[in-house]
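# Structural overview
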Amino acid sequence: MDLLGAWRAFVSVSEHGSFTEGAAAARIPQPVASRRIAALEKHLGERLLDRSSRRVTLTRFGRDMLPSAKRLVRLAEAMEDEAERAKLSPLRLAVPDVCSVRDLALLTAEARRKGVYLDFQPAPPAERAELVRSREVRAALTAVPPDEGTWSVALGLAGTAAPAARTIYLETLRPGRAALAARPRRIWIQPEDDVPHVRDRLFRVRDAVGLLPAQVAVAGTLVAAAAEAVASGDLLLCSPRQAGELGLHWRPIGEVGVGRGFEVAAGIGDDAERVRVRLRAEIARCLGADETEGGAVR
């Protein structure tokens, strides 16, 4: 039995003194209201309404139960209002700094259509994880190795000149003896990729192929890293989408495959599941991840 629905029908019919008018006010068919109240009376073991006269009246038992029934109905309505407000409460989500305003705006609009209201806080990888731990945000897209994440984005090298080869090998950047006096080309790692599964792998390849330590460096900001690539002919470690947005030519790295991996971390499991399941495709587009191949990284 729908106990709450039965109490609602009882309150509405008793207030209007009519099954027809009470059912209409409760927005249910009259036979449904009659059945619900009859089931409630059977459940309680006492009659609530006197149906002997033309106008419905309360029995003594009905008069005693009506105040509590009204409180119950009012409480249920208040809880429903609270639930609606809670659903509209923004879910504060820490996101990578590399997400553009346009992509975040599209993600916001698409999330709203699915009943999720987002509020973003851009931050670098380590800060995003800390924001979740300190409960300053409800959830975050945290940096993980690509094979451990829900989303992954392949990384490569991008510069102003279009390379003739389809792949860039780090060993080709090794300065010759005659060029030691000149500044060798560098690879700039942006803050989003200053994580062990990206940075350390590049450092190991750098050392293995004989590059100078300074030839693979971490920039303070994406703007600073991109400026070096544009102004000096250096190379920027980035995703294909970023390269396109910056007007740079992108190529994969020959010796090693590196990439960004992202997973949802949240203080409450329901928040993580809501973001991961409801917004999986939308977040993939925002991050520049390849959904068909997972942004596969070798």
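Rules and cut-offs
Residues numbered from 1 in each chain as written. Predicted model: local features only at pLDDT ≥ 70, side-chain atom pairs only at ≥ 80, totals over all residues. Heavy atoms only, no water. Helix = DSSP H or I, 4+ residues; strand = E, 2+ residues; numbered from the N terminus. Rg over C-alpha atoms; globule rule 2.2 N^0.38 Å. Buried < 20%, exposed > 50% of the residue type's maximum accessible area, 1.4 Å probe, protein only. Contact = heavy atoms within 4.5 Å. Areas by Shrake-Rupley, 256 points an atom, 1.4 Å probe, with all protein chains shown as cover. Lys, Arg positive; Asp, Glu negative; His and termini not counted. Charge placed at Lys NZ, Arg CZ, Asp CG, Glu CD. Phe/Tyr/Trp six-rings, centres within 6.5 Å; stacked < 30°, edge-to-face > 60°. pLDDT = per-residue confidence, 0-100.

## Brief notes about the overall build of the protein chain
For the protein chain, the helix and strand inventory stands at eleven helices and eleven strands. A compact globule built from 298 residues should have a C-alpha radius of gyration of about 19 Å, whereas the protein chain, at 32 Å, is more than 25% larger. For the protein chain, the spread of C-alpha atoms along the principal axes amounts to about 110 × 30 × 30 Å. Counting only residues that meet the buried cut, the protein chain has 42% of its 298 residues in that class. The contacts of the protein chain with a sequence gap of at least 6 include a subset with a gap of at least 24, amounting to 77%. Roughly 15,800 Å² of accessible area belongs to the protein chain as shown, and the carbon and sulfur atoms make up 53% of that amount. Here the protein chain contributes 44 positive and 39 negative side-chain charges, whose respective centroids are spaced 4 Å apart.

## Details of the packing of aromatic side chains
One pass over the full model with this rule turns up one aromatic pair. With 5.8 Å between their ring centres and 70° between their planes, W7 and F10 make a pair best called edge-to-face. Placement of the pair is W7 and F10 together in helix 1 (residues 3-16), with a separation of three residues, close to one helical turn. For the pair shown, W7 and F10 are each scored as buried.

## Remarks on the confidence of the model for the protein chain
Across the protein chain, the average pLDDT comes to 89, with 94% of residues at or above 70. Taken together, the stretch residues 291-298 has pLDDT below 50 and engages in 21 contacts with residues farther than four places along the chain or on a different chain.

## With respect to helix 11 (residues 280-287)
Among the residues making up helix 11, those that are buried are E282, I283, A284, C286 and L287. The positive-phi residue at the C-terminal boundary of helix 11 is G288, with phi of around 80°.

## Focus on unusual backbone geometry
The backbone of R27 sits at a positive phi, close to 60°, despite the residue not being glycine. In this structure, R27 sits in the loop between helix 2 (19-26) and helix 3 (30-44). One non-glycine residue with positive phi stands out, namely R135, at about 65°. Mapped onto the elements of the fold, R135 is located in the loop between helix 6 (125-133) and strand 5 (139-144). Overall, the relative accessible area of 60% leaves R135 in the exposed class.

## A look at the environment of D81
Relative to the elements of secondary structure, D81 occurs in helix 4 (residues 60-88). Linking D81 and I37, residues 44 residues apart in sequence, is a C-alpha distance of 25 Å.

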